[in-house]
Amino acid sequence: MKKCKALAVAASCVFLFLGGCASKVLDDAWPGYRTDGQGQLLKTADGHCWRTADWTEEKAVPACDVAITGQPVAAVNSAPPTKEVMSADMVVPKPLRLTFAFDSAVLTDESRIALQAWYQDVASLEEPVVAVNGYSDPLGDASYNQALADQRAQAVAIWWQEQGDSLATLQVRGHGEDTAVSGSRCQSVRPEDLQSCYRQDRRVELRVQ
C-alpha cells in the first residue's frame, strides 16, 4: 500500500513538472506580451496588445506593433476591414495629436505607433471622413511655417494611403502657425528654451468628422 502511495505521489510530481514546463513554453511564445496561458495574445477591447514590463522594440511582432516591424498586419492590410453601420452607440475614436521635431515634417516612430492604433479604430466605422490638420510653431517666417504645416499634414495623408486601403475620406489642410496650443506661456521663457516650449504646436491633429 505504501509503495502505491509513493508511486502516486511521484506521478503527481511528474505531472506538475511537465505542466509547469508547458506553461513556461506558452509564456515564452510571445516574449514581451501578455498571453492567456494557452499561447494566445491578450488584447484590449479595441485590439491593442498588452505589453509586459520587460517589453522592448526588439520583441515587437507584426500582430501588435506593425509600425516597428514594418510588416503588414493581416487584420488591416490583407483583407478589407469590417464595415459597420454607424449607430448611436458606436464609439468614435477620440481626436489624435501627433507632434514633430523642430523644422521637420517627418513622422517619428512614436507618432507612427499611435497613428497605426488610431487607424485600426477608424477601420470599424462606416465610410468615415477624417480631417487631417497640420500646424507649426510661431518661430520663423509665417509663409515658411504655412508650407511646413502643409508638409506635415501631407506626411500623415501619405502614410494613410500607403496602408493600401481607402477606408476613409481624408480632408487634408495646413494651418501654419494659427491656433497655437501653447498659448501665451512661451512668451516669457528664455530664447534657448523656445523650441522646447513650442513643441506641442508642431503637430498634426486627426479627427473623425
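Only a predicted model underlies this, so the values are computations on that prediction, with no experimental measurement involved. (Residues numbered from 1 in each chain as written. Predicted model: local features only at pLDDT ≥ 70, side-chain atom pairs only at ≥ 80, totals over all residues. Heavy atoms only, no water.)

1. Considering the overall build of the chain
Of the regular secondary structure elements, the chain holds six helices and four strands. Going from N to C terminus, the chain has its helices and strands arranged as α-α-α-β-α-β-α-β-α-β. Sorting the 209 residues of the chain into buried and exposed places 33% on the buried side. The contacts of the chain with a sequence gap of at least 6 include a subset with a gap of at least 24, amounting to 66%. For the chain, the accessible area works out to roughly 12,700 Å², and carbon and sulfur atoms hold 55% of it. (Helix = DSSP H or I, 4+ residues; strand = E, 2+ residues; numbered from the N terminus. Buried < 20%, exposed > 50% of the residue type's maximum accessible area, 1.4 Å probe, protein only. Contact = heavy atoms within 4.5 Å. Areas by Shrake-Rupley, 256 points an atom, 1.4 Å probe, with all protein chains shown as cover.)

2. A closer look at helix 4 (residues 109-122)
Between its first and last C-alpha atoms helix 4 spans 20 Å; for 14 residues at 1.5 Å apiece the expected length is 20 Å, and the two agree. All of the buried residues along helix 4 are S111, L115, Q116, W118, Y119, D121 and V122. (Expected span 1.5 Å × (residues − 1).)

3. What to know about the sheet that holds strand 4 (residues 203-208)
Think of a sheet as strands paired side by side through backbone hydrogen bonds, with each pair either parallel or antiparallel. Spatially, the four strands line up as an open sheet ordered 1-4-2-3, and their pairing is mixed. The open sheet has two free edges, formed respectively by strand 1 (96-99) and strand 3 (169-174), since each of these has just one partner strand. Ignoring which end each strand starts from, the neighbouring axes of this sheet average 15° apart. Where strand 2 (residues 129-134) and strand 4 come together, five bridges link them in antiparallel fashion. In the sheet register, A131 faces strand 4, and the bridge partner there is R207. (Pairing = 2+ DSSP bridges. Axes fitted to C-alpha atoms, helices over the stretch in contact; angles between N-to-C directions.)

4. Some thoughts on the environment of P31
Here P31 lies in the loop between helix 1 (2-28) and helix 2 (66-69). P31 sits in the partly exposed class, given a relative accessible area of 41%.

5. What to know about the state of the cysteines
Enumeration according to the criterion identifies one disulfide in this entry. Here C186 pairs with C197 through a disulfide, and the sulfurs are 2.0 Å apart. Of note, the bridge from C186 to C197 carries an S-S torsion of about -95° and is left-handed in sense. In this pair, C186 sits in the loop between strand 3 and helix 6 (194-197) while C197 sits in helix 6, placing the two residues 11 residues apart along the sequence. (Disulfide = S-S within 2.5 Å.)

6. What about the confidence of the model for the chain?
On average, the chain scores 77 in pLDDT, and the residues at 70 or more come to 69%. When the criterion is pLDDT under 50, residues 2-27 qualifies, and its contacts beyond four places in sequence or with other chains add up to five contacts. (pLDDT = per-residue confidence, 0-100.)

7. Describing the packing of aromatic side chains
Tallying each qualifying case throughout the model produces three aromatic pairs. With 5.7 Å between their ring centres and 85° between their planes, Y119 and W159 make a pair best called edge-to-face. With a gap of 40 residues between them, Y119 in helix 4 and W159 in helix 5 (residues 142-162) connect regions that are remote in the sequence. Taken individually, Y119 and W159 each receive the classification buried, so the pair is uniform in this respect. Where Y119 meets W160, the ring centres are 4.9 Å apart and the plane angle is 65°; that geometry is what we call edge-to-face. A residue pair is termed long-range when its members are at least 10 positions apart, and Y119 in helix 4 and W160 in helix 5 qualify at 41 residues. For Y119, a relative accessible area of 0% gives the class buried. An aromatic cluster of at least three residues, connected via ring pairs, comprises W118, Y119, W159 and W160. (Phe/Tyr/Trp six-rings, centres within 6.5 Å; stacked < 30°, edge-to-face > 60°.)

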